[in-house]
Amino acid sequence: MALSDFTNNVKPNIARAPVTKAVFPVAGLGTRFLPATKAQPKEMLPVVDKPLIQYAIEEAYSAGIRHMIFVTGRNKRSIEDHFDTAYELEAELETNNKLALLRLVQDIKPDDMDCSYVRQPRSLGLGHAVLCAERMVGNEPFAVLLADDLMINKPSADQVGGTQLSVLAQMVKLYEHLGTSILAVQEVPMEMVSRYGIVAGEVAEDRLSRVNKIIEKPKPENAPSNLAVAGRYILTPEIFNQIRRQTTGVQGEIQLTDGIANLLKTQHVHAYQYYGKRYDCGSKEGFLEATVELALQHPEVGATFRKFLQDMKF
Ligand code: G1P
């Protein structure tokens, strides 16, 4: 399949179990954002006016996914509250006839979206977090979204062969054709490879390769390429057995990357260079970049904020 097929609606040729569930590992401590994250989850930090986790949920929803599975931990209650009804607030907005705001609040969780929560009792790593969702996922392909990685796909007018689809929607479409696990990847400077899972593979098509190696946070001298896994995955359910089989890896954690490396021994896995922009909101710099760029695009504050920046004396 050519990736341009995204834009002309080619139907998949094989019937596959659809991707209906997404897993959101949100149990992390958020130490990089202390003190802001002392008493609130990092996933609830807002970029302009929306918490990070809501961007990720909206991306999954736009990909046709309706069952959201949160792998949570202590201090994460506000995430559950955010995707629940807020009776007092809604009643108040209704009484005061603030109907646009009421709609905004109610749209956070559309009626056809289900949310489930499972606790990760200890911070044992991303692989372990995904394993915690096994019973809820069952024997189906599923998506994993790391809310730290904020993905925006707004193709510019001059972009060739682009798509309006969100990053996860692109991957779901691709899954319908390939039927394999798919990892979103992007090129990073060689000196940054030690922050990521790094893949190497054989190029299958423009933007698509078949992975033959994956390694978590390698030193630049050991990295097989500079293609880094961004926080979006579609995984076949066989990943659970592979994660269970592995021992602790880098940083003493059970790494999802090591589970994928095991999976490679029995199944094909693809790496996909998505259309879109990733903001690393797990870092202060990335969070600030996202805030500025999204504020500039914001319908309510964009124009005044642009003027503020232009007038600013550095
Ligand atoms: C995790 C994964 C890593 C991936 C990264 C993307 O790392 O372990 O493979 O490249 O997310 O953001 P973390 O950022 O949690 O250290």
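For the structure, see preceding data.
Before going into details, it helps to say that this report is about the structure given with it.

Analysis parameters
Residues numbered from 1 in each chain as written. Predicted model: local features only at pLDDT ≥ 70, side-chain atom pairs only at ≥ 80, totals over all residues. Heavy atoms only, no water. Salt bridge = Lys/Arg side-chain N within 4 Å of Asp/Glu carboxyl O. Helix = DSSP H or I, 4+ residues; strand = E, 2+ residues; numbered from the N terminus. Buried < 20%, exposed > 50% of the residue type's maximum accessible area, 1.4 Å probe, protein only. Near = heavy atom within 4 Å. Polar contact = N/O pair within 3.5 Å; in protein donor to acceptor, adjacent residues only side chain to side chain. Areas by Shrake-Rupley, 256 points an atom, 1.4 Å probe, with all protein chains shown as cover. 1 Å grid on protein atoms, 1.4 Å probe; cavity = no way out; pocket = protein on both sides within 12 Å on 5 of 7 lines; lining within 4 Å. Sits in = over half its atoms within 2 Å of the grid points. Phe/Tyr/Trp six-rings, centres within 6.5 Å; stacked < 30°, edge-to-face > 60°. Lys NZ or Arg CZ within 6 Å of the ring centre and 35° of its normal. Points joined across faces, edges and corners; volume = space filled by probe spheres on them. Contact = heavy atoms within 4.5 Å. Axes fitted to C-alpha atoms, helices over the stretch in contact; angles between N-to-C directions. Parallel < 35°, antiparallel > 145°, perpendicular 65-115°, else oblique. Left-handed = near helix turned anticlockwise from the far one by under 90°.

### A word on the pattern of salt bridges
Within the structure shown, the criterion is met by twelve salt bridges. In this structure, the salt-bridge partner of Glu140 is Lys21, at a minimum N-O distance of 3.7 Å. Of this pair, Glu140 sits in the loop between α6 (134–137) and β6 (142–145) while Lys21 sits in strand β1 (residues 21–25), and the two are 119 residues apart along the sequence. By relative accessible area, which is 13% here, Lys21 ends up buried. We note a salt bridge from Arg278 to Asp149, for which the minimum N-O separation is 2.8 Å. Of this pair, Arg278 sits in strand β13 (residues 277–280) while Asp149 sits in strand β7 (residues 149–152); the two residues are 129 residues apart in sequence, bridging distant segments of the chain. Pair check on accessibility: Arg278 and Asp149 agree, each one buried.

### Some remarks on the site of the ligand
Neighbouring residues of the ligand: 13 residues in total, closest Asp149, Gly197, Glu216, Lys217 and Val229. The contact in question runs from an oxygen atom of the ligand to an N or O atom on the side chain of Asp149, over 2.7 Å. Between an oxygen atom of the ligand and a main-chain N or O atom of Val229, the distance comes to 2.6 Å. Coverage of the ligand by the protein chains reaches 79% of its 380 Å² of free accessible surface. For the ligand, the cavity whose grid points lie within 2 Å of the majority of its atoms is the largest pocket. Broken down by element, the residue count for the shell around the ligand peaks at three residues, all from strand β11 (residues 227–235).

### Things to note about the packing of aromatic side chains
Counted by the stated rule, this structure contains six aromatic pairs. Arranged with centres 5.1 Å apart and planes meeting at 5°, the rings of Phe142 and Phe240 form a pair that is stacked. Placement of the pair is Phe142 in strand β6 and Phe240 in helix α8 (residues 239–245), with a sequence separation of 98 residues. Across the pair, exposure class does not vary: Phe142 and Phe240 are buried alike. Positioned above the aromatic ring of Tyr55, the side-chain terminus of Lys50 is 4.7 Å from the ring centre.

### Digging into the layout of surface pockets
Approximately 1,100 Å³ is the volume found for the largest pocket. Forming the walls of the largest pocket are 38 residues, and the residues nearest its centre are Arg32, Lys42, Leu146, Asp148 and Lys217. Taken together, the elements giving at least two residues each to the lining of the largest pocket come down to α5 (126–132), β11, α9 (256–263) and β13. Sorting elements by how many residues they give to the lining of the largest pocket places β11 first, with four residues.

### So, the side chain of His270
Within the secondary structure, His270 is located in strand β12 (residues 269–273). Note on His270: relative accessible area 8%, which makes it buried. Among the polar contacts made by the side chain of His270, one reaches the side chain of Thr180 at a distance of 2.8 Å. Residues contacting His270, with those up to four places away along its chain left out, are Leu178, Thr180, Ser181, Ile182, Leu183, Leu208, Ser209, Arg210 and Val211.

### Things to note about the packing of helix α3 (residues 87–95) against helix α4 (residues 99–106)
Axis separation between α3 and α4 bottoms out at 8 Å; the angle between their running directions is 155°. On the basis of their axis angle, the class for α3 and α4 is roughly antiparallel. In the packing of α3 onto α4, the handedness of the crossing is left-handed. On the side of α3, the interface is formed by Leu89, Glu90, Leu93 and Glu94, while α4 contributes Leu101, Leu102, Val105 and Gln106.

Geometry only, nothing functional implied.
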